[in-house]
Amino acid sequence: MQSPSTTITATIHNSNLTPIFLPKFPPNPLRFRPEFFHRRSTASMASSFGRFKVNSKMDNSSDGFLTITEYAGKGGANVGDDLVVLFSHLEYAFKRIAALVASPVNSSLGKSSGDGQVVDSGRDKPKPLDIVSNEIILSSLKNSGKVAVMASEEDDAPVWITDNAPFVMVTDPLDGSRNIDASIPTGTIFGIYNRLPELDNLPTEEKALLNSLQSGNRLAAAGYALYSATILCTTFGSGAHAFTLDRSTGDFVLTHPDIKIPPRGQIYSVNDARYFDWPEGLRRYIDTIRQGKGKFPKKYSARYICSLVADFHRTLMYGGVAMNPRDHLRLVYEANPLSFLAEQAGGKGSDGKNRILGIQPVKLHERLPLFLGSPEDIEELESYGDVQQAVNPGYDI
């Protein structure tokens, strides 16, 4: 009988995912077919992407969408060659994970007896699909040569990769994997820091951990990959932008530039089944907004997927607030990257009392409540005071 690790390794090599990702992709046909765009105005392009405002930015010749490499490069945001190289390897990892999630293989890899269980380090017991996703990302970071250390939800401790590489990456490789059998959208969350050279003389384990426990205020880039339409939403510290995978070419192309979360939404996202475990302040807030008696005089609607990336993506697009009021989500590789992205889109990330990016991590798998969303919604929620759930009976689902 094969061991789980042998099975996982065999799956990576034998699931015929490799042919999908050829080393060289054909030219992007959009770049040679300006008739797709009819040289529409910015206002016209803005209306094409739904209810949120998007100011479309195309390349200099206006004949196609920018790829993420073009956007990040010297002709665009100019984030530096090292970060451009790193993102090219992350793109490859996200494409492999997207293909794996959509593959029949995931029906067996998505299953595990570990639902609701927590291992000694404080992280959830991983499923095989989590482990495969983690290995895909780790392999891509090693190949990039640009990451010194990776800290992941799937590892008890950070992994030292390359001496003197410029970056540190923290990640939840596959958020929402417990819902994979129901075809609910999943995602990857990541944050990128600059390596702290002043720690270089410390022992490897110590410098790996301390590099990973940087405050969210120090993030150089962050984002998530959403595995439905396969959207890569990221920030380099100057606005939030989303790139959609063009499966005909393998390019992530800029479809949602300069995302701005509405100042206030009309949607709240939380597991209402926990209502009677909530503190009085949170119950009053939810009761108030869904009756239309809050600062915004319209009734709010509830939308809850139970996939952090999917719930946050919808909140980023339409506004409102997405939350988990109990000590459940991880500060280092979930709360910090998504809060950084929220702030870059004009929103806020809070633990119910404090700004997430101002909290100093003390443990790799440290947990806390998380509230993300429109600035006016977050401010109104915080005004109720008692919104952090102290009762945590240990839910199975």
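A brief look at the structure comes next. (Residues numbered from 1 in each chain as written. Predicted model: local features only at pLDDT ≥ 70, side-chain atom pairs only at ≥ 80, totals over all residues. Heavy atoms only, no water.)

## Here's the deal with the overall build of the protein
- The number of helices and strands found in the protein is 11 helices and 13 strands.
- Across the 397 residues that make up the protein, the buried fraction comes to 56%.
- Put simply, of all contacts in the protein between residues at least 6 apart along the chain, 67% involve residues at least 24 apart.
- For the protein, the computed accessible surface area is about 17100 Å², with 51% contributed by carbon and sulfur atoms. (Helix = DSSP H or I, 4+ residues; strand = E, 2+ residues; numbered from the N terminus. Buried < 20%, exposed > 50% of the residue type's maximum accessible area, 1.4 Å probe, protein only. Contact = heavy atoms within 4.5 Å. Areas by Shrake-Rupley, 256 points an atom, 1.4 Å probe, with all protein chains shown as cover.)

## Regarding the packing of aromatic side chains
- For the structure on display, the rule yields 10 aromatic pairs.
- A ring pair is formed by Y71 and F236, whose centres lie 6.5 Å apart and whose planes are at 25 degrees; its orientation type is stacked. With a gap of 165 residues between them, Y71 in helix 3 (residues 68–72) and F236 in the loop between strand 6 (231–235) and strand 7 (240–246) connect regions that are remote in the sequence.
- Here the aromatic rings of Y285 and Y384 are separated by 5.5 Å at their centres, their planes lie at 75 degrees, and the arrangement is edge-to-face. Of this pair, Y285 sits in helix 8 (residues 280–290) while Y384 sits in the segment after helix 11 (375–382); the two residues are 99 residues apart in sequence, bridging distant segments of the chain. Accessibility assignment for this pair places Y285 and Y384 in one class, buried.
- Members of the aromatic cluster, joined through ring pairs, are Y71, F87, F94, F190, F236 and F243.
- Over the ring of W160 we find K207, and its NZ or CZ is 4.4 Å from the ring centre.
- Across from the ring centre of Y275, 5.9 Å away, lies the NZ or CZ of R283, which sits over that ring. (Phe/Tyr/Trp six-rings, centres within 6.5 Å; stacked < 30°, edge-to-face > 60°. Lys NZ or Arg CZ within 6 Å of the ring centre and 35° of its normal.)

## Some details on the pairing of strand 3 (residues 167–175)
- When you tally the buried positions in strand 3, you get 9 out of 9 residues, the bulk of the element.
- Sheet topology note: the strand 3/strand 4 (residues 186–194) ladder contains 7 bridges and is antiparallel. Within the sheet, the bridge partner assigned to D175 lies in strand 4 and is G187. (Pairing = 2+ DSSP bridges.)

## Things to note about the pairing of strand 5 (residues 221–227)
- Within strand 5, 7 of the 7 residues are buried, which leaves the element mostly enclosed by the surrounding structure.
- Judged by which residues are buried, strand 5 turns out to be covered on both faces: A221, G223, A225 and Y227 on one side and A222, Y224 and L226 on the other are all buried.
- With 7 bridges joining them, strand 4 and strand 5 adopt antiparallel strand pairing. Pairing of G187 across the sheet is with L226, part of strand 5.
- Across 5 bridges, the pairing between strand 5 and strand 6 is antiparallel. Paired with Y224 across the bridge in strand 6 is C233.
- Remark: 3 residues form the turn of the hairpin made by strand 5 and strand 6, two consecutive strands paired antiparallel; T230 in that turn has positive phi of roughly 60 degrees.

## Topic: the sheet that holds strand 8 (residues 251–259)
- Strand order across the open sheet formed by 8 strands is 2-1-3-4-5-6-7-8, with mixed pairing between neighbours. Among the strands making up the open sheet, the edge pair consists of strand 2 (159–160) and strand 8.
- When strand 6 meets strand 7, the two strands line up antiparallel, connected through 5 bridges. Counted as the bridge partner of T234 is H241 from strand 7.
- Set on the sheet, helix 4 (residues 81–101) makes contact with strand 1 (147–152), strand 3, strand 4, strand 5, strand 6, strand 7 and strand 8; between it and strand 4 the angle comes to about 165 degrees.
- Here helix 6 (residues 128–144) sits on the sheet in contact with strand 1, strand 2, strand 3 and strand 4, set at roughly 155 degrees to strand 3. (Axes fitted to C-alpha atoms, helices over the stretch in contact; angles between N-to-C directions.)

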